[in-house]
Amino acid sequence: MDTNGRLVAGSHNRNEFVVINADEIGKVTSVKELSSQRCQICGDEIEFTVNGDPFVACNECAFPVCRACYEYERREGNQACPQCKTRYKRIKGSPRVDGDEDEDEFDDLEHEFDNDYFPDPAVASSRFNISRTASGFTIPVEMDPSVVNSDIPLLTYGEEDHTIAADKHALIIPPGGKRVYGVPFNDSSMNLPPRPMDPKKDLAVYGYGTVAWKERMEEWKRKQQEKLQVVKHQGLNVDADGFDDPDLPKTDEGRQPLSRKIPIPSSKINPYRMIILLRLAVLGLFFHYRILHPVHDAYGLWLTSIICEIWFAVSWIFDQFPKWFPIERETYLDRLSLRYEKEEKPSELGAIDIFVSTVDPMKEPPLITANTVLSILAVDYPVDKVACYVSDDGAAMLTFEALSETSEFARKWVPFCKKYSIEPRAPEWYFAQKVDYLKNKVEPRFVKERRAMKRDYDEFKVRINALVSVAQKVPEDGWTMQDGTPWPGNNVRDHPGMIQVFLGQNGIQDIEGNELPRLIYVSREKRPGHEHHKKAGAMNALIRVSAVITNAPYLLNVDCDHYINNSKALRESMCFMMDPQSGKKICYVQFPQRFDGIDRHDRYSNRNVVFFDINMKGLDGIQGPIYVGTGCVFRRQALYGYDAPKKVKPPGKTCNCWPKWCCCCFGSRKKNKKGKSKESKKKTKSKESSPQIHALENIEEGVAGNGNEKSSLMPQVKLEKKFGQSPVFVASTLLDQGGIPQEATSASLLKEAIHVISCGYEDKTDWGKEIGWIYGSVTEDILTGFKMHCHGWRSVYCMPKRPAFKGSAPINLSDRLHQVLRWALGSVEIFLSRHCPIWYGYGCGLKRLERFSYINSVVYPLTSLPLIVYCTLPAVCLLTGKFIVPEISNYASLVFMALFISIAVTSILEMQWGGVGIDDWWRNEQFWVIGGVSAHFFALIQGLLKVLAGVNTNFTVTSKAADDGEFSELYLFKWTSLLIPPLTLMILNIIGVAVGVSDAINNGYESWGPLFGKLFFAIWVILHLYPFLKGFMGKQDRIPTILIVWSILLASIFSLLWVRVNPFLSRGDGVVLEMCGLNCE
């Protein structure tokens, strides 16, 4: 799309379109109105009648409204003029609606649907190159199948289809076109008609079986063998056309599966499953004992503990059983290249649009975003197949200027990366690697160029940091661009949509003369009074604008702080997406999240290794992993709300050997009939759902219908109601393999791009409900993946040896808790919505164990209540001298020991097949308690307030790592209310331990036995909260935190012991006892 390197800003609703010269000192290049007479609702041009007069919807005030919006308001809206509020009268040619019969107007019933209003030809030809088909569906002229070369007798999207007989040829046209029926055609290449063959005669009579026939067969076999050898040995220089032969033997590498499943060895998984079943049995015995042996003197404590333990057991079941079928996967990149990247031919790999989202450059440093963009531009993938879209949802000029500097530096960085195949391709992390290149045998040229590139990057960092320092203080009149034009995004909450194409147009190349991937800056329009839906709304805007500009069939979304660590990550995902056997049912490929800049001990479990290396592997064996918000490659059609393609099963075998009254066969026939009726009902019910084939069937029905205008307009109405009123975008949704019209003009695409990012585009559509990122939760990722799985799609978990993506995580305690708070709040919102997996999506393509996983992902914040209570019980027991368990018998001791052993063995086996270390597992357990008693609890309260009381809670963007020093923020203390619950629990349990020990010292040795159970319980809580206490106390220069904690605890205990023993008080000088004189008998 050619914008001549200028920023394009505009508002479709306000009829504004501005092109600004951002790279030259000058003035606004052009400010023009799209049309003198435009609809004030949708912005389209007003149609003209036969007499040349503009269409008038309201005879009272003549408010400019096009015919499409007029009919839509009468059919779906309030049926009144937006300006004067007068009810619209039915105009000749418009279908009837409720209330028309009350009007005293002459009805011409014979010509009711004759429409004499049609667009002026000159206007219609200039409007985005759009034409209207017989079905009422609007498509670009470049995609109109009616303009077909009549010299080609048989077409399938421009290619001959030999599977159709010559006398039954037809035109197979793109979606949305007119139906063309077959007509006879005489093929000039056929000189003689085919001879009829008599089956009674010998085949040799017709030439088969003769010497010539045998020679031809031998020649064919020889060619096939040569082709097979060529495929196996790529070094031979032969004609590449031979690779396209459909009769090529199936044993060649290019036609093998592009990936395979690697199940967990039975020696690891079978004992794991046995222990899970054994743990279930032990849990049953445990609850049997606990319920039947209440503690009468502490009945309240006992009942509370029983309720908490039952909830813990249920949550464990929801978490455990989705891990029943864990698998791993392996990809074959060489087979992918062999199949889709043939010599001397353009690459056939699928195009990918990559989305990078950012909001506030002060909290998400521009240098981090720049590194992410540079790693994307340098990815190992065909440059014409990659387009990077950066969504600036804060409309910050700092982000825009930083991206401009990034595009200039990319002209040097990208060829350097591809020339020497360096990893990673984010310069900040590449140059941070501690590698001595002089020690290894590296060619001097590389060392020289690397040093020069390091100097260029340091200068680039200086320019970016200078922009950041300037942006610290905003001018009173707002920011001004280089040409003196005010920055359109000075008002963050009220600004037009902005698009800037930095790379991939105007012949911009790198310093070596090679093409570069596209780099496009997008900031959607924002106006007061409109709901923008935060990140989910920004991602949906990127889906639409990318469909208009590039329309790649696959999408990748990454956060601004997640750079591509493995340059072959896109190829890894294509091994699944483009696999001819299983790729068509895959909606997305999820990569694990890996992080840089985390302290060695991972104090707050930022890596989340247990979830990514154990839970996600288990889900991959069911229906696929859940979507985690970043590092995920999508199929565009799946985001459009279409159902997954279904396999056509062969008809089942029936038994006709017995009479109908036979019970054996009668029952099966009856079941088959019931199954068929249910299946037909399901098909009828899902006919209106999302598969693309249904939409195409509806369009064809409209074309071949009985001429009723309403039926012919139904497909267009449904598509516009679903996708919005952009003809170019709606047409792009029907293209499975993506792509845009070759003859589409930049002006038309640019206007449509501004249109689809307008703030009111999603009104009265399915965006955020059934299409794109789903609204209704701050964790839109879980909800979006859940909806796709409900449509029958499956996802894939890809874990290459070199991590595909790496990002930064909040290593500070307060920031980490706020991040967990946002995740938990989103889960609570989903739990209280109609999309809750407990009651949503039954009877669709969601599998049961997959539903278990989604239920666990939305109910885990509820565990905060029993967890807080359970962590308080040890202190209460120590302070009151009571306990939740009666005197333990031998049987109870065996049950408790079996339960603890089963928990430990389950964890050990999980770590074994998941490849997780004991340190990562223990940190995960600790932060599960810390987050559960703090962030999850507050998220539950905020979620209930939001749903029940309507109190909205805004979350702040998590701070990214700073450059002030290694792990500098780890010891930075930031006070927040989230610290109150864990701090309270820690203090209560420490006091409880001190009081319990002092009480045992005072009461003698008999009280030490019951004390051990209470002490074990309290110390368990203290150990889990220890990382919180360490972060709360901050950095200790000389004395470790653990020494301070144990010093305080032991000092309290020894002080109480000293008071009890009191060695300076002699035994003989005790208290003098005197007779009171009272007779106590």
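Just so we're clear, the structure is a prediction, and the values are computed from it rather than from any experiment. (Residues numbered from 1 in each chain as written. Predicted model: local features only at pLDDT ≥ 70, side-chain atom pairs only at ≥ 80, totals over all residues. Heavy atoms only, no water.)

## Here we look at the environment of Val933
Logical step 1: Its location among the elements puts Val933 in helix α25 (residues 918-933).
Logical step 2: By relative accessible area, which is 0% here, Val933 ends up buried.
Logical step 3: With near-sequence residues (within four places) excluded, Val933 lies in contact with Leu867, Ile868, Cys871, Pro981, Pro982, Leu985 and Leu1025. (Helix = DSSP H or I, 4+ residues; strand = E, 2+ residues; numbered from the N terminus. Buried < 20%, exposed > 50% of the residue type's maximum accessible area, 1.4 Å probe, protein only. Contact = heavy atoms within 4.5 Å.)

## Structural notes on the side chain of Glu850
Logical step 1: For Glu850, the location among the structural elements is in helix α22 (residues 848-859).
Logical step 2: The charged side chain of Glu850 is buried without a salt bridge, its nearest counter-charge being Arg794 at 7.2 Å.
Logical step 3: Beyond its immediate chain neighbours, meaning those up to four positions away, Glu850 contacts Leu619, Ile622, Gln623, Gly624 and His789. (Lys, Arg positive; Asp, Glu negative; His and termini not counted. Salt bridge = Lys/Arg side-chain N within 4 Å of Asp/Glu carboxyl O.)

## Observations regarding the nonpolar core
When a protein is soluble and globular, its nonpolar side chains tend to lie buried together.
Logical step 1: Ranked by internal contacts, the top residues of the largest apolar core, which has 75 residues, are Leu817, Tyr870, Cys871, Ile884, Val933, Val993 and Leu1025.
Logical step 2: In terms of residue count, the dominant contributor to this core is helix α4 (residues 266-292) (nine residues).
Logical step 3: Those residues in contact with Cys871 that sit more than four places away from it in its chain are Val929, Val933, Leu985, Asn989, Trp1020 and Val1021.
Logical step 4: With 69 residues, the next largest nonpolar core counts Leu403, Val414, Phe446 and Phe502 among its residues. (Core = buried A, V, L, I, M, F, W, Y, C linked by side-chain atoms within 4.5 Å.)

## Digging into the environment of Val610
Logical step 1: Residue placement: Val610 occurs in helix α13 (residues 609-620).
Logical step 2: Using a relative accessible area of 8% as the deciding quantity, one classes Val610 as buried.
Logical step 3: Considering only alpha carbons, one finds Val610 and Gly915, 305 residues apart in sequence, at a separation of 9.3 Å.
Logical step 4: Ignoring anything within four residues of it in the chain, the contact list for Val610 reads Asn615, Val916, Asp920, Trp921 and Asn924.

## Some words on the pattern of salt bridges
Logical step 1: What the rule picks out here adds up to 29 salt bridges.
Logical step 2: Across the pair Asp380 and Lys568 runs a salt bridge whose closest N-O atoms are separated by 2.6 Å. Taken as a pair, Asp380 in the loop between α7 (366-377) and β13 (386-392) and Lys568 in the loop between β17 (562-564) and α12 (569-577) lie far apart in primary sequence, 188 residues in all.
Logical step 3: Assessed through its relative accessible area of 23%, Asp380 is described here as partly exposed.
Logical step 4: One salt bridge in this structure joins Arg411 and Glu408, with 3.4 Å as the shortest N-O distance. One end of the pair, Arg411, and the other, Glu408, are both in helix α8 (residues 397-420), three residues apart, so they sit about a helical turn from each other.
Logical step 5: You can call Arg411 partly exposed: its relative accessible area is 23%.
Logical step 6: The structure contains a network of salt bridges with shared partners spanning Glu341, Asp380, Lys568 and Arg571.

## Digging into the packing of α4 against helix α24 (residues 890-914)
Logical step 1: Viewed as axis vectors pointing N to C, α4 and α24 meet at an angle of 150°, and their least axial separation amounts to 9 Å. Between α4 and α24, the angle falls in the class roughly antiparallel. Handedness of the α4/α24 crossing: left-handed.
Logical step 2: Within the contact of α4 with α24, the residues separate by chemical class into 19 nonpolar, three polar and four charged. (Axes fitted to C-alpha atoms, helices over the stretch in contact; angles between N-to-C directions. Parallel < 35°, antiparallel > 145°, perpendicular 65-115°, else oblique. Left-handed = near helix turned anticlockwise from the far one by under 90°. Nonpolar A, V, L, I, M, F, W, Y, C, P; charged D, E, K, R; others polar.)

## Thoughts on the packing of helix α23 (residues 864-880) against helix α27 (residues 980-1003)
Logical step 1: Relative orientation of the contacting elements α23 and α27 amounts to 25°, with a least axis distance of 7 Å. By the angle between their axes, α23 is roughly parallel relative to α27. At the point where α23 passes α27, the crossing takes the left-handed sense. Contacts between α23 and α27 involve Ile868, Cys871, Thr872, Pro874, Ala875, Leu878 and Leu879 from the former and Leu985, Leu988, Asn989, Ile991, Gly992, Val993, Val995 and Gly996 from the latter.

## Some thoughts on a positive patch on the surface
Logical step 1: On the surface, Lys261, Lys585, Lys646, Lys647 and Lys847 cluster together to form a positively charged patch.
Logical step 2: By secondary structure assignment, the location of Lys647 is in the loop between α14 (636-639) and α15 (663-685).
Logical step 3: When its relative accessible area of 69% is taken as the criterion, Lys647 is described as exposed. (Patch = residues over 30% accessible without salt bridge, like charges linked within 9 Å, V, L, I, M, F, W, Y side chains within 5 Å. Areas by Shrake-Rupley, 256 points an atom, 1.4 Å probe, with all protein chains shown as cover. Charge placed at Lys NZ, Arg CZ, Asp CG, Glu CD.)

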